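Chain and residue survey
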Amino acid sequence: MTALGVPRPTRTRRRPPRPRHLRLLRRGTRPPEDARRDRPDRSPRVVVLTARVGAGHDRAAYELAARLRARGAVVDVHDYLDALPRYGQVIIGDGYGFTVNRLPRFFDWLFYALEHRWDVRGIILTFLTFSERTVRRWTRDADVVVSTFPLSCQTLGRMRAAGRIRVPVISYLTDPAPHRMWLHPGVDTHLSVTSACAAAADAMYGVEVRPAGPLVGPAFSRAHTDADRVETRHSLGLGDDETAVLISAGSLGLGDVPSLVSAALTNPAAHVVVLCGRNAALRTELDAMPRVTALGWRDDVPALMGACDVLLHNAGGLSVTEALVANLPAVTYLPIPGHGRANATVLADAGLAPWPTTPEALADVLDGVSRTSPLSPWPTDPEGDVAEIVLESAGQRTAVAAAS
């Protein structure tokens, strides 16, 4: 066992080739061999592993890819779930939302077990070895590999430690709170969004995590004019004197969102705008409530954040990062089990998002919100953003290869 409780590498069993339609990537394909050999000026090749579990991991991965390509890198983004057997894709991909919403106590136990029980963690990590053959093929010609998903971090760290990946591996923690599945001793560099996450990783696990700032689109940091704000508010049916509470429950509509809405409405000045993601049933349920505007999947989230007065969340993922970038105050309420509560704790302890526990306390917090951030969640003068750190690692690898 390693210091983080990760089992030592084991021999994987050979399995039959998967059907071709399961090997196709959901987005993008691997470039042809000649394209990789004939990269102009030996542009660094970066492989990014994400997963279609919610949308936060994907959005961070594709924002990183866009920044890297703008700097001349060749980037391939792969969905880690596609490297697993079909039943694993269903259990992890589809089972996440079902478990959080229907079996919250089990999800809470699973999160605890992955933190504290080596036997449960060992079962999961052993299953993940089925992904290694495909991951090795994806990363064969890379100069650096990045993970924005905890399970792919475990696979990459294990392969790196065993010498099956010979290039730098970077883990980018999209959650505010670290946990064991985000960390692996074989990973060369762990990056986080906030300084609070880095401090928690050091205090809880003794692992060095480097705060590198957010991976969100540039639209979130653009200032919205008063005219933009008024236009968006009117399109949502918001009154000029109402406190617009934006609720984001992720792309799956996770958690007890109706109770979240009811608690927000305890404040008589509140009008709640709910991003239901792809959860059509949730949208239908909430749309009938007074002072509630229920929305489906939206591509104008920056404009919505510019029009609202506070973000009310229950998970602490990418939506909180987007709100911090947009200078929109964030508040946690009724966090989902497992990593949701862990994220709430780190955010509250750092002063980034208060965590009221009663509807009355929430109403008081909503009365006092203002669109000013009390402190910076990431270094004001970071040592390069995520893309620069990744390219620095790729350059070091290329220099070593050239010297040898």
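Each remark here, short or long, concerns the structure printed above.
Here is a short report on the structure shown in this document. (Residues numbered from 1 in each chain as written. Predicted model: local features only at pLDDT ≥ 70, side-chain atom pairs only at ≥ 80, totals over all residues. Heavy atoms only, no water.)

**A closer look at the sheet that holds strand β10 (residues 310-313)**
Short version of the rule: Between any two strands, pairing holds if DSSP finds at least two bridges. Segments assigned H or I by DSSP are reported as helices when at least four residues long, segments assigned E as strands when at least two residues long, and all are numbered from the N terminus. Between N-to-C directions, angles cover 0 to 180 degrees, with each direction set by a line fitted to C-alpha atoms, over the stretch in contact for helices. Contact criterion: two residues are considered in contact whenever any of their non-hydrogen atoms come within 4.5 Å of each other.
Read across the sheet, 5 strands follow the order β9-β8-β7-β10-β11 without closing on themselves; strand pairing throughout is parallel. This sheet does not close on itself; its edge strands, each paired only once, are β9 (292-295) and β11 (330-332). Between one strand axis and the next, the sheet turns through 25 degrees on average, direction left out of account. Two strands pair when backbone bridges link them, and strand β7 (residues 243-248) and β10 are joined in this way by 4 bridges, in the parallel orientation. By the bridge assignment, Val 245 is partnered in β10 with Val 310. Sitting on the sheet, helix α12 (residues 280-287) touches β8 (270-275) and β9, and the angle it makes with β9 is about 165 degrees.

**A closer look at the sheet that holds strand β4 (residues 169-173)**
Spatially, the 6 strands line up as an open sheet ordered β2-β1-β3-β4-β5-β6, and their pairing is parallel. Single-partner strands in this sheet number two, and they are β2 (74-79) and β6 (210-211). Pairing analysis gives 6 bridges linking strand β1 (residues 45-50) to β2, with the strands arranged parallel. Considered in β2, the bridge of Arg 45 is made with Val 74.

**Regarding the packing of aromatic side chains**
To describe a pair of aromatic rings, you give the distance between the ring centres and the angle between the ring planes. Put simply, the rule is: Centres within 6.5 Å are what make two rings of Phe, Tyr or Trp a pair, Trp counting through its six-membered ring; a difference in plane orientation under 30 degrees is then read as stacked, over 60 as edge-to-face, and the rest as tilted. Throughout, exposure labels follow a simple rule: accessible area from a 1.4 Å probe, protein chains only, divided by the maximum for the residue type, with under 20% read as buried, over 50% as exposed, and the rest as partly exposed. Each ring is checked for a lysine NZ or an arginine CZ that lies within 6 Å of its centre and within 35 degrees of its normal; such an atom marks a charge sitting over the ring.
Scanning the entire structure with this criterion turns up 5 aromatic pairs. When the centroid spacing of 6.3 Å and the interplanar angle of 45 degrees are considered together, the rings of Tyr 80 and Phe 149 count as tilted. Note that Tyr 80 is positioned in the loop between β2 and α4 (86-102) and Phe 149 in the loop between β3 (144-147) and α8 (150-161), a separation of 69 residues in sequence. Classification of Tyr 80 by relative accessible area gives buried; the value is 0%. Taken together, Tyr 87, Phe 127 and Phe 130 form an aromatic cluster joined through their ring pairs. Sitting over the ring of Trp 297, Arg 278 keeps its end group 4.2 Å from the ring centre.

**Comments concerning helix α14 (residues 318-325)**
Because an α-helix packs 3.6 residues into every turn, residues spaced three or four apart end up facing the same way. Among the 8 residues in α14, 8 count as buried, and that is most of the element. Along α14, the positions that sit buried rather than exposed are Leu 318, Ser 319, Val 320, Thr 321, Glu 322, Ala 323, Leu 324 and Val 325. On its buried face, α14 sits against α3 (56-70), β7, α13 (301-307), β10 and α15 (339-349). Asn 327 sits one or two positions beyond α14 and adopts a positive phi of about 60 degrees.

**Here we look at the side chain of Glu 115**
Filter applied, for reference: The positive count covers Lys and Arg only, the negative count covers Asp and Glu only, and His and the chain ends enter neither. Between Lys or Arg on one side and Asp or Glu on the other, a salt bridge is scored when a side-chain nitrogen of the former is within 4 Å of a carboxyl oxygen of the latter.
With respect to the element layout, Glu 115 can be found in helix α5 (residues 104-116). Within the buried set, Glu 115 has no salt-bridge partner at all; the shortest N-O distance to an opposite charge, 4.5 Å, is to Arg 180. With sequence-adjacent residues up to four places away left out, Glu 115 is seen in contact with Arg 121, His 179, Arg 180 and Tyr 205.

**Describing the environment of Ser 43**
The line we're drawing: Polar contact criterion, stated in full: a pair of N or O atoms within 3.5 Å, where within protein one must be able to donate a hydrogen and the other to accept it, and residues adjacent in sequence count only if both atoms are side-chain atoms.
Of note, Ser 43 is situated in the loop between α2 (33-37) and β1. Taking relative accessible area as the criterion, Ser 43 reaches 11% and is therefore assigned buried. Along the chain, Ser 43 and Gly 395 lie 352 residues apart, while their C-alpha atoms are 9.6 Å from each other. In this view, Ser 43 contacts Gly 72, Val 74 and Asp 143; residues no more than four positions away in its chain are not counted. A distance of 3.4 Å separates the side chain of Ser 43 from the backbone oxygen of Gly 72, its partner in a polar contact.

**Some words on unusual backbone geometry**
One non-glycine residue with positive phi stands out, namely Arg 291, at about 60 degrees. In this structure, Arg 291 sits in the loop between α12 and β9. Despite not being glycine, Leu 334 has its phi angle at roughly 45 degrees, a positive value. With respect to the element layout, Leu 334 can be found in the loop between β11 and α15.

**Some points on the nonpolar core**
We count it as follows: Buried Ala, Val, Leu, Ile, Met, Phe, Trp, Tyr and Cys residues that are joined via side-chain atoms within 4.5 Å together make up what is termed a nonpolar core.
Counting 34 residues, the largest nonpolar core has Tyr 80, Ile 92 and Val 135 as the members making the most contacts within it. Leu 238, Val 273, Leu 318 and Leu 352 belong to the second largest nonpolar core, which has 29 residues in total.

**A word on a nonpolar patch on the surface**
We count it as follows: What goes into a patch is any residue over 30% in relative accessible area without a salt bridge, connected to like charges within 9 Å or, for nonpolar side chains (Val, Leu, Ile, Met, Phe, Trp, Tyr), within 5 Å. Working definition of accessibility: Shrake-Rupley area with a 1.4 Å probe, residue cover restricted to the visible protein chains.
On the surface, a nonpolar cluster with roughly 400 Å² of combined accessible area is contributed by Phe 98, Leu 103, Phe 106 and Trp 109. Tracing the backbone through its elements, the reader meets Phe 98 in helix α4.

**What about the pattern of salt bridges?**
By the definition in use, this model includes 16 salt bridges. A salt bridge links Asp 79 to Arg 52; its shortest N-O distance comes to 3.0 Å. On the criterion of sequence distance, the pair formed by Asp 79 in strand β2 and Arg 52 in the loop between β1 and α3 is long-range, its members being 27 residues apart. Judged by relative accessible area, which is 25%, Arg 52 ranks as partly exposed. Among the ionic pairs, Arg 67 bridges to Asp 385, the shortest N-O distance being 3.8 Å. With a gap of 318 residues between them, Arg 67 in helix α3 and Asp 385 in the loop between α16 (359-367) and α17 (386-403) connect regions that are remote in the sequence. Judged by relative accessible area, which is 17%, Arg 67 ranks as buried. With a relative accessible area of 21%, Asp 385 lands in the partly exposed category. Each of Glu 63, Arg 67, Arg 71, Asp 385 and Glu 388 takes part in one network of salt bridges that share partners.

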